[in-house]
Amino acid sequence: MSTEVSKTNEDMLGIAAVERETGLSKDTLRVWERRYGFPKPSRDANGERSYPSDQVHLLRRIRRLVDQGARPGRIFAMGIDAVEARARGETPTPPLGEVPAEIGLLRGHRIAELRSLLEQAALRGGLYEFVTATAAPLAAQVGEAWARGELQVYEEHLFSEQLQAVLRGAIARLDGAGALPKVVLSTLPGEQHGLGLLMAQAVFALEGAGCVSLGTQTPVRELADAVRAEGAHIVALSTSGSYPAGQLKDGVAQLRAALPAEVELWCGGGGSARLRQPAPGVRVLSDLAGIRDALDAWREARASA
Ligand code: B12
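Below: a short report on this structure. (Residues numbered from 1 in each chain as written. Predicted model: local features only at pLDDT ≥ 70, side-chain atom pairs only at ≥ 80, totals over all residues. Heavy atoms only, no water.)

**Considerations on the overall build of the protein chain**
Helix and strand counts for the protein chain come out as 13 helices and eight strands. Its C-alpha atoms give the protein chain a radius of gyration of 21 Å, within 12% of the compact-globule value 19 Å for 305 residues. With respect to the principal axes defined by its C-alpha atoms, the protein chain has extents near 60 × 50 × 35 Å. In the protein chain, buried positions account for 44% of the 305 residues. The long-range share in the protein chain, meaning contacts at least 24 apart out of those at least 6 apart in sequence, stands at 69%. Here the protein chain has roughly 15300 Å² of accessible surface; of this, 49% comes from carbon and sulfur atoms. Across the protein chain, the centroid of the 35 positively charged side chains sits 4 Å from that of the 37 negatively charged ones. (Helix = DSSP H or I, 4+ residues; strand = E, 2+ residues; numbered from the N terminus. Rg over C-alpha atoms; globule rule 2.2 N^0.38 Å. Buried < 20%, exposed > 50% of the residue type's maximum accessible area, 1.4 Å probe, protein only. Contact = heavy atoms within 4.5 Å. Areas by Shrake-Rupley, 256 points an atom, 1.4 Å probe, with all protein chains shown as cover. Lys, Arg positive; Asp, Glu negative; His and termini not counted. Charge placed at Lys NZ, Arg CZ, Asp CG, Glu CD.)

**What to know about the coordination of the cobalt atom of the ligand**
You will see that the cobalt atom of the ligand has only one donor from the protein, His 193 (NE2), lying 2.3 Å away. For His 193, the location among the structural elements is in the loop between strand E4 (182–186) and helix H10 (195–206). (Donors = N, O, S within 2.8 Å, 3.2 Å for Na, K, Ca; no water.)

**A look at the nonpolar core**
Membership of the largest hydrophobic core comes to 44 residues, with the highest contact counts inside it found for Phe 130, Leu 163 and Phe 204. Listed by contribution, the elements that provide at least two residues to this core are helix H6 (99–107), helix H7 (111–125), helix H8 (127–147), helix H9 (153–172), E4, H10, strand E6 (234–238) and helix H13 (290–303). Considering every element that reaches this core, the biggest residue donor is H10, with eight residues. Setting aside residues no more than four positions away along its own chain, Phe 130 makes contact with Leu 118, Ala 121, Ala 122, Ala 135, Leu 163, Val 166 and Leu 167. Residues Val 184, Leu 237, Tyr 243 and Val 263 belong to the second largest nonpolar core, which totals 20 residues. (Core = buried A, V, L, I, M, F, W, Y, C linked by side-chain atoms within 4.5 Å.)

**Points about the pattern of salt bridges**
One pass over the structure, following the stated rule, counts twelve salt bridges. Two residues, Lys 40 and Glu 119, come together in a salt bridge whose shortest N-O distance is 3.7 Å. Of this pair, Lys 40 sits in the loop between helix H2 (26–36) and strand E2 (42–43) while Glu 119 sits in helix H7; the two residues are 79 residues apart in sequence, bridging distant segments of the chain. Assessed through its relative accessible area of 37%, Lys 40 is described here as partly exposed. Its salt-bridge partner being Asp 81, residue Arg 61 comes within 2.8 Å of it at the nearest N-O pair. With Arg 61 in helix H3 (residues 53–67) and Asp 81 in helix H5 (residues 80–87), this residue pair connects regions lying 20 residues apart in the sequence. On the basis of relative accessibility, which here comes to 12%, the residue Arg 61 falls in the buried class. Classification of Asp 81 as buried rests on a relative accessible area of 13%. (Salt bridge = Lys/Arg side-chain N within 4 Å of Asp/Glu carboxyl O.)

**Here we look at the side chain of Ser 186**
Residue placement: Ser 186 occurs in strand E4. At a separation of 2.8 Å, a polar atom in the side chain of Ser 186 contacts the main-chain carbonyl oxygen of Gly 215. The residues touching Ser 186, leaving out its near neighbours within four places in the chain, are Leu 197, Leu 214, Gly 215, Thr 216, Gln 217, Thr 218, Leu 223, Ala 236, Leu 237 and Ser 238. (Polar contact = N/O pair within 3.5 Å; in protein donor to acceptor, adjacent residues only side chain to side chain.)

**Looking at the site of the ligand**
Around the ligand sit 29 residues, and of these Gln 164, Gln 192, His 193, Gly 194 and Ser 238 come closest. With respect to the ligand, the backbone of Gly 269 contributes an N or O atom lying 3.4 Å from an oxygen atom. Separating an oxygen atom of the ligand from a backbone N or O atom of Gly 270 is a distance of 3.0 Å. Of all the secondary-structure elements, those providing two or more residues to the shell around the ligand are H8, H9, H10 and E6. Here the shell around the ligand takes five residues from H8, the largest share from any one element. (Near = heavy atom within 4 Å.)

**Overview of the environment of Pro 219**
Here Pro 219 is to be found in the loop between strand E5 (210–213) and helix H11 (220–230). In this structure, the C-alpha to C-alpha distance between Pro 219 and Leu 105, residues 114 residues apart in sequence, is 37 Å.

**Considering the sheet that holds E2**
Note: strands within a sheet are paired through backbone hydrogen bonds, in either parallel or antiparallel orientation. Read from one edge of the open sheet, three strands run E1-E3-E2, paired in antiparallel fashion. Where the open sheet ends on each side, the last strands, each with one partner, are strand E1 (12–14) and E2. In the sheet, E2 pairs with strand E3 (residues 49–52) via two bridges, with the strands oriented antiparallel. By the bridge assignment, Arg 43 is partnered in E3 with Arg 49. (Pairing = 2+ DSSP bridges.)

Below, the structure is given as C-alpha coordinates:
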(Lines give C-alpha, C1' and ligand atoms only; values in the text may rest on other atoms or scores of the structure.)
Protein backbone atom coordinates (compact mmCIF):
# COMPACT_ATOMS: atom_id res chain seq x y z
CA MET A 1 0.00 0.00 0.00
CA SER A 2 1.31 3.47 -0.66
CA THR A 3 -0.18 6.74 0.44
CA GLU A 4 0.15 9.58 -2.04
CA VAL A 5 1.77 12.44 -0.20
CA SER A 6 3.46 14.35 -3.00
CA LYS A 7 2.07 17.81 -3.62
CA THR A 8 1.42 19.59 -6.86
CA ASN A 9 1.18 23.38 -6.92
CA GLU A 10 -2.63 23.23 -7.28
CA ASP A 11 -2.77 21.45 -3.89
CA MET A 12 -1.04 24.35 -2.13
CA LEU A 13 -2.85 27.33 -0.60
CA GLY A 14 -1.53 30.69 0.61
CA ILE A 15 -2.30 31.92 4.14
CA ALA A 16 -5.15 34.20 3.02
CA ALA A 17 -6.87 31.29 1.25
CA VAL A 18 -6.40 29.08 4.33
CA GLU A 19 -7.95 31.81 6.47
CA ARG A 20 -10.97 31.85 4.11
CA GLU A 21 -11.21 28.04 3.92
CA THR A 22 -10.92 27.35 7.64
CA GLY A 23 -12.15 30.52 9.33
CA LEU A 24 -8.93 30.58 11.37
CA SER A 25 -7.23 33.99 11.33
CA LYS A 26 -3.74 34.43 9.92
CA ASP A 27 -2.54 35.32 13.43
CA THR A 28 -3.96 32.10 14.85
CA LEU A 29 -2.31 30.08 12.08
CA ARG A 30 1.06 31.68 12.80
CA VAL A 31 0.71 31.31 16.61
CA TRP A 32 -0.20 27.60 16.33
CA GLU A 33 2.70 27.04 13.97
CA ARG A 34 5.09 28.56 16.53
CA ARG A 35 3.50 27.06 19.65
CA TYR A 36 2.38 23.61 18.53
CA GLY A 37 4.49 22.96 15.42
CA PHE A 38 1.29 22.68 13.31
CA PRO A 39 0.32 23.68 10.66
CA LYS A 40 3.67 23.28 8.99
CA PRO A 41 3.59 25.30 5.73
CA SER A 42 6.36 25.23 3.18
CA ARG A 43 7.43 28.48 1.45
CA ASP A 44 6.58 29.41 -2.12
CA ALA A 45 8.95 31.08 -4.60
CA ASN A 46 8.30 34.47 -2.92
CA GLY A 47 9.00 33.08 0.56
CA GLU A 48 5.27 33.18 1.49
CA ARG A 49 3.64 30.42 3.56
CA SER A 50 2.13 27.70 1.41
CA TYR A 51 -0.17 25.02 2.91
CA PRO A 52 -0.86 21.56 1.43
CA SER A 53 -4.52 20.50 1.25
CA ASP A 54 -4.17 17.68 3.82
CA GLN A 55 -3.09 20.25 6.44
CA VAL A 56 -6.00 22.51 5.48
CA HIS A 57 -8.35 19.56 5.95
CA LEU A 58 -6.96 18.93 9.47
CA LEU A 59 -7.25 22.66 10.27
CA ARG A 60 -10.94 22.57 9.35
CA ARG A 61 -11.47 19.67 11.77
CA ILE A 62 -9.60 21.52 14.52
CA ARG A 63 -11.68 24.64 13.88
CA ARG A 64 -14.88 22.63 14.29
CA LEU A 65 -13.66 21.28 17.63
CA VAL A 66 -12.65 24.75 18.83
CA ASP A 67 -16.14 25.96 17.90
CA GLN A 68 -17.53 23.16 20.07
CA GLY A 69 -15.50 24.44 23.03
CA ALA A 70 -12.30 22.33 22.89
CA ARG A 71 -9.10 24.14 23.83
CA PRO A 72 -6.40 24.08 21.12
CA GLY A 73 -3.70 23.00 23.65
CA ARG A 74 -5.81 19.96 24.53
CA ILE A 75 -6.46 19.10 20.89
CA PHE A 76 -2.75 19.23 20.09
CA ALA A 77 -1.84 17.09 23.14
CA MET A 78 -4.63 14.49 22.83
CA GLY A 79 -4.97 14.33 19.06
CA ILE A 80 -7.88 15.28 16.83
CA ASP A 81 -9.34 11.75 16.60
CA ALA A 82 -9.47 11.39 20.38
CA VAL A 83 -11.08 14.80 20.95
CA GLU A 84 -13.63 14.21 18.17
CA ALA A 85 -14.46 10.76 19.55
CA ARG A 86 -14.89 12.22 23.02
CA ALA A 87 -17.15 14.96 21.62
CA ARG A 88 -19.29 12.15 20.12
CA GLY A 89 -19.26 10.32 23.46
CA GLU A 90 -17.16 7.45 22.05
CA THR A 91 -13.85 5.95 23.09
CA PRO A 92 -10.89 7.01 20.88
CA THR A 93 -10.41 5.21 17.59
CA PRO A 94 -7.08 3.52 16.84
CA PRO A 95 -4.68 5.48 14.62
CA LEU A 96 -4.25 4.92 10.91
CA GLY A 97 -1.82 2.23 9.84
CA GLU A 98 0.62 4.20 7.69
CA VAL A 99 3.70 2.11 8.31
CA PRO A 100 4.40 0.97 4.75
CA ALA A 101 4.01 4.51 3.40
CA GLU A 102 6.59 5.76 5.88
CA ILE A 103 9.13 3.13 4.95
CA GLY A 104 8.43 3.86 1.28
CA LEU A 105 9.19 7.53 1.86
CA LEU A 106 12.39 6.62 3.70
CA ARG A 107 13.57 4.42 0.84
CA GLY A 108 12.64 7.14 -1.63
CA HIS A 109 14.63 9.65 0.47
CA ARG A 110 11.55 11.87 0.73
CA ILE A 111 12.54 12.90 4.22
CA ALA A 112 10.53 16.12 4.60
CA GLU A 113 7.39 14.19 3.63
CA LEU A 114 8.25 11.38 6.05
CA ARG A 115 8.63 13.95 8.82
CA SER A 116 5.31 15.62 8.11
CA LEU A 117 3.54 12.25 7.83
CA LEU A 118 4.87 11.34 11.30
CA GLU A 119 3.90 14.73 12.71
CA GLN A 120 0.40 14.47 11.33
CA ALA A 121 0.01 10.94 12.70
CA ALA A 122 1.01 12.25 16.15
CA LEU A 123 -1.47 15.08 15.84
CA ARG A 124 -4.34 12.91 14.61
CA GLY A 125 -4.16 10.11 17.13
CA GLY A 126 -2.51 11.89 20.07
CA LEU A 127 0.96 11.28 21.49
CA TYR A 128 0.22 8.07 23.42
CA GLU A 129 -1.35 6.33 20.43
CA PHE A 130 1.42 7.64 18.20
CA VAL A 131 4.14 6.21 20.44
CA THR A 132 2.56 2.83 21.09
CA ALA A 133 0.75 2.13 17.82
CA THR A 134 2.86 3.96 15.21
CA ALA A 135 6.38 4.81 16.40
CA ALA A 136 7.23 1.54 18.19
CA PRO A 137 6.00 -0.83 15.42
CA LEU A 138 7.58 1.41 12.80
CA ALA A 139 10.98 1.29 14.57
CA ALA A 140 10.70 -2.51 14.65
CA GLN A 141 9.85 -2.64 10.93
CA VAL A 142 12.75 -0.37 10.07
CA GLY A 143 15.02 -2.68 12.12
CA GLU A 144 13.71 -5.73 10.24
CA ALA A 145 14.12 -4.05 6.85
CA TRP A 146 17.70 -3.14 7.82
CA ALA A 147 18.40 -6.72 9.00
CA ARG A 148 17.12 -8.03 5.61
CA GLY A 149 19.43 -5.61 3.81
CA GLU A 150 16.55 -3.55 2.38
CA LEU A 151 17.60 -0.38 4.15
CA GLN A 152 21.11 0.95 4.52
CA VAL A 153 22.54 2.01 7.87
CA TYR A 154 22.41 5.70 6.94
CA GLU A 155 18.73 5.32 6.02
CA GLU A 156 18.06 3.88 9.47
CA HIS A 157 19.90 6.88 10.95
CA LEU A 158 17.77 9.25 8.85
CA PHE A 159 14.65 7.52 10.15
CA SER A 160 15.83 7.74 13.79
CA GLU A 161 16.55 11.46 13.40
CA GLN A 162 13.06 12.18 12.05
CA LEU A 163 11.31 10.15 14.72
CA GLN A 164 13.41 11.69 17.47
CA ALA A 165 12.62 15.20 16.23
CA VAL A 166 8.87 14.49 16.15
CA LEU A 167 8.90 12.91 19.62
CA ARG A 168 11.03 15.69 21.12
CA GLY A 169 8.74 18.36 19.64
CA ALA A 170 5.64 16.66 21.04
CA ILE A 171 7.23 16.15 24.48
CA ALA A 172 8.34 19.79 24.63
CA ARG A 173 4.72 20.87 24.16
CA LEU A 174 3.66 19.04 27.35
CA ASP A 175 3.93 21.25 30.41
CA GLY A 176 5.86 19.25 33.04
CA ALA A 177 6.75 22.10 35.41
CA GLY A 178 6.54 20.98 39.06
CA ALA A 179 5.24 17.52 38.09
CA LEU A 180 5.79 14.56 40.43
CA PRO A 181 7.44 12.13 40.61
CA LYS A 182 10.61 13.50 39.07
CA VAL A 183 12.14 10.92 36.74
CA VAL A 184 15.71 10.90 35.40
CA LEU A 185 15.97 8.93 32.14
CA SER A 186 19.02 7.48 30.39
CA THR A 187 20.72 4.36 29.05
CA LEU A 188 23.84 2.65 30.40
CA PRO A 189 27.24 3.29 28.76
CA GLY A 190 27.47 1.43 25.44
CA GLU A 191 23.70 1.47 24.83
CA GLN A 192 23.21 3.75 21.83
CA HIS A 193 19.54 2.99 21.21
CA GLY A 194 17.64 6.10 22.26
CA LEU A 195 14.22 5.80 20.61
CA GLY A 196 12.78 3.55 23.33
CA LEU A 197 14.06 6.03 25.90
CA LEU A 198 12.26 8.90 24.15
CA MET A 199 9.08 6.84 23.86
CA ALA A 200 9.25 6.11 27.60
CA GLN A 201 9.81 9.82 28.29
CA ALA A 202 6.72 10.70 26.25
CA VAL A 203 4.59 8.28 28.28
CA PHE A 204 6.01 9.46 31.62
CA ALA A 205 5.30 13.08 30.63
CA LEU A 206 1.76 12.22 29.46
CA GLU A 207 1.14 10.49 32.79
CA GLY A 208 2.08 13.70 34.60
CA ALA A 209 5.63 12.86 35.73
CA GLY A 210 8.43 15.46 35.61
CA CYS A 211 11.11 14.23 33.19
CA VAL A 212 14.82 14.98 33.10
CA SER A 213 16.37 13.09 30.20
CA LEU A 214 20.14 12.79 30.08
CA GLY A 215 20.03 11.17 26.63
CA THR A 216 21.89 7.92 26.02
CA GLN A 217 25.00 6.42 27.62
CA THR A 218 25.41 8.16 30.97
CA PRO A 219 28.18 6.79 33.22
CA VAL A 220 26.77 5.33 36.45
CA ARG A 221 28.45 7.87 38.73
CA GLU A 222 27.17 10.79 36.61
CA LEU A 223 23.67 9.37 36.67
CA ALA A 224 23.71 9.15 40.47
CA ASP A 225 25.06 12.73 40.69
CA ALA A 226 22.28 13.97 38.39
CA VAL A 227 19.64 12.23 40.54
CA ARG A 228 20.91 13.98 43.68
CA ALA A 229 21.22 17.37 41.97
CA GLU A 230 17.70 17.13 40.52
CA GLY A 231 16.13 15.70 43.70
CA ALA A 232 14.69 12.90 41.50
CA HIS A 233 12.52 10.05 42.82
CA ILE A 234 12.97 7.52 40.02
CA VAL A 235 15.62 6.54 37.47
CA ALA A 236 14.21 5.04 34.26
CA LEU A 237 16.69 3.03 32.16
CA SER A 238 16.10 1.81 28.62
CA THR A 239 17.99 -1.21 27.27
CA SER A 240 17.66 -2.82 23.83
CA GLY A 241 18.07 -6.51 23.05
CA SER A 242 21.55 -5.86 21.63
CA TYR A 243 23.01 -4.87 25.02
CA PRO A 244 25.11 -7.69 26.52
CA ALA A 245 23.26 -9.39 29.41
CA GLY A 246 26.28 -9.45 31.74
CA GLN A 247 26.97 -5.77 31.19
CA LEU A 248 23.33 -4.99 31.90
CA LYS A 249 23.32 -6.92 35.22
CA ASP A 250 26.59 -5.31 36.33
CA GLY A 251 25.50 -1.82 35.26
CA VAL A 252 22.16 -2.10 37.05
CA ALA A 253 23.83 -3.45 40.23
CA GLN A 254 26.39 -0.62 40.21
CA LEU A 255 23.75 2.00 39.61
CA ARG A 256 21.51 0.61 42.35
CA ALA A 257 24.42 0.77 44.80
CA ALA A 258 25.24 4.37 43.78
CA LEU A 259 21.65 5.67 44.17
CA PRO A 260 20.10 6.87 47.43
CA ALA A 261 18.00 4.02 48.92
CA GLU A 262 14.71 5.92 48.53
CA VAL A 263 15.22 6.45 44.78
CA GLU A 264 13.60 3.72 42.69
CA LEU A 265 15.26 2.19 39.63
CA TRP A 266 12.86 1.19 36.82
CA CYS A 267 14.20 -0.76 33.83
CA GLY A 268 12.44 -1.15 30.48
CA GLY A 269 13.14 -1.81 26.81
CA GLY A 270 13.59 -5.00 24.78
CA GLY A 271 16.71 -6.08 26.74
CA SER A 272 15.43 -5.61 30.27
CA ALA A 273 13.47 -8.90 30.35
CA ARG A 274 16.85 -10.57 30.94
CA LEU A 275 16.92 -9.05 34.43
CA ARG A 276 14.95 -12.07 35.64
CA GLN A 277 15.42 -11.67 39.39
CA PRO A 278 15.97 -7.98 39.87
CA ALA A 279 17.68 -6.87 43.07
CA PRO A 280 15.60 -5.11 45.75
CA GLY A 281 14.91 -1.54 44.67
CA VAL A 282 14.98 -2.52 40.98
CA ARG A 283 11.76 -2.86 39.02
CA VAL A 284 11.42 -4.28 35.51
CA LEU A 285 8.57 -2.85 33.42
CA SER A 286 7.61 -5.12 30.55
CA ASP A 287 6.22 -2.38 28.30
CA LEU A 288 5.25 1.26 28.02
CA ALA A 289 1.74 0.56 29.29
CA GLY A 290 3.31 -0.55 32.61
CA ILE A 291 4.44 3.02 33.29
CA ARG A 292 0.94 4.15 34.27
CA ASP A 293 0.45 1.35 36.86
CA ALA A 294 3.93 1.85 38.27
CA LEU A 295 3.33 5.60 38.66
CA ASP A 296 -0.05 4.96 40.31
CA ALA A 297 1.61 2.59 42.79
CA TRP A 298 4.38 5.12 43.50
CA ARG A 299 1.86 7.91 44.10
CA GLU A 300 -0.30 5.72 46.35
CA ALA A 301 2.70 4.65 48.42
CA ARG A 302 3.76 8.28 48.80
CA ALA A 303 0.27 9.41 49.78
CA SER A 304 0.01 6.76 52.50
CA ALA A 305 3.57 7.31 53.83
C1 B12 B 1 17.51 2.77 15.20
C2 B12 B 1 18.29 1.52 15.58
C3 B12 B 1 19.66 1.65 15.78
C4 B12 B 1 20.37 3.00 15.78
C5 B12 B 1 20.01 3.72 17.10
C6 B12 B 1 19.96 5.22 16.90
C7 B12 B 1 19.23 5.90 18.03
N8 B12 B 1 19.47 7.17 18.12
O9 B12 B 1 18.44 5.32 18.79
C10 B12 B 1 21.87 2.56 15.67
C11 B12 B 1 22.28 2.65 14.21
C12 B12 B 1 22.85 3.35 16.51
C13 B12 B 1 21.81 1.09 16.05
C14 B12 B 1 22.94 0.38 16.37
C15 B12 B 1 22.93 -0.97 16.68
N16 B12 B 1 21.87 -1.79 16.61
CO17 B12 B 1 20.05 -1.18 16.38
N18 B12 B 1 18.25 -0.82 16.01
C19 B12 B 1 17.62 0.28 15.76
C20 B12 B 1 16.09 0.00 15.61
C21 B12 B 1 15.69 0.09 14.14
C22 B12 B 1 15.19 0.92 16.43
C23 B12 B 1 15.87 1.17 17.76
C24 B12 B 1 15.16 1.40 18.97
O25 B12 B 1 15.35 2.43 19.59
N26 B12 B 1 14.44 0.42 19.42
C27 B12 B 1 14.11 0.50 20.75
C28 B12 B 1 12.64 0.45 21.01
C29 B12 B 1 11.78 1.14 19.97
O30 B12 B 1 12.29 -0.90 21.14
P31 B12 B 1 12.47 -1.65 22.51
O32 B12 B 1 13.85 -1.57 23.05
O33 B12 B 1 11.93 -3.01 22.31
O34 B12 B 1 11.56 -0.77 23.49
C35 B12 B 1 10.17 -0.85 23.49
C36 B12 B 1 9.63 -1.12 24.85
O37 B12 B 1 10.37 -2.08 25.50
C38 B12 B 1 9.62 0.23 25.50
N39 B12 B 1 10.73 0.76 26.24
C40 B12 B 1 11.93 1.10 25.77
N41 B12 B 1 12.65 1.66 26.75
C42 B12 B 1 11.88 1.70 27.85
C43 B12 B 1 12.16 2.16 29.13
C44 B12 B 1 11.18 2.05 30.12
C45 B12 B 1 11.46 2.54 31.49
C46 B12 B 1 9.93 1.43 29.80
C47 B12 B 1 8.89 1.28 30.83
C48 B12 B 1 9.67 0.96 28.52
C49 B12 B 1 10.65 1.11 27.56
O50 B12 B 1 9.42 1.11 24.46
C51 B12 B 1 9.65 0.54 23.20
C52 B12 B 1 8.36 0.60 22.42
O53 B12 B 1 7.44 -0.35 22.82
C54 B12 B 1 16.00 -1.44 16.21
C55 B12 B 1 14.80 -2.23 15.71
C56 B12 B 1 13.87 -2.62 16.89
N57 B12 B 1 13.12 -3.67 16.69
O58 B12 B 1 13.83 -2.00 17.91
C59 B12 B 1 17.39 -1.99 15.96
C60 B12 B 1 17.94 -3.07 16.88
C61 B12 B 1 17.54 -2.78 18.32
N62 B12 B 1 19.39 -2.93 16.73
C63 B12 B 1 20.02 -4.06 16.74
C64 B12 B 1 21.43 -4.21 16.64
C65 B12 B 1 21.94 -5.64 16.52
C66 B12 B 1 22.28 -3.10 16.66
C67 B12 B 1 23.83 -3.12 16.61
C68 B12 B 1 24.50 -4.17 17.49
C69 B12 B 1 24.20 -3.26 15.13
C70 B12 B 1 25.71 -3.34 14.88
N71 B12 B 1 26.12 -4.50 14.48
O72 B12 B 1 26.41 -2.38 15.06
C73 B12 B 1 24.20 -1.69 17.06
C74 B12 B 1 24.41 -1.60 18.59
C75 B12 B 1 24.77 -0.20 19.01
C76 B12 B 1 24.93 -0.05 20.50
N77 B12 B 1 26.13 -0.24 20.97
O78 B12 B 1 23.98 0.22 21.19
C79 B12 B 1 19.05 -5.24 16.88
C80 B12 B 1 19.06 -5.87 18.27
C81 B12 B 1 18.91 -7.37 18.18
C82 B12 B 1 18.56 -7.96 19.51
N83 B12 B 1 19.42 -8.81 19.99
O84 B12 B 1 17.52 -7.68 20.04
C85 B12 B 1 17.69 -4.57 16.44
C86 B12 B 1 16.44 -5.20 17.10
C87 B12 B 1 17.60 -4.66 14.90
C88 B12 B 1 17.43 -6.09 14.38
N89 B12 B 1 16.27 -6.41 13.87
O90 B12 B 1 18.30 -6.88 14.43
N91 B12 B 1 20.56 0.62 16.02
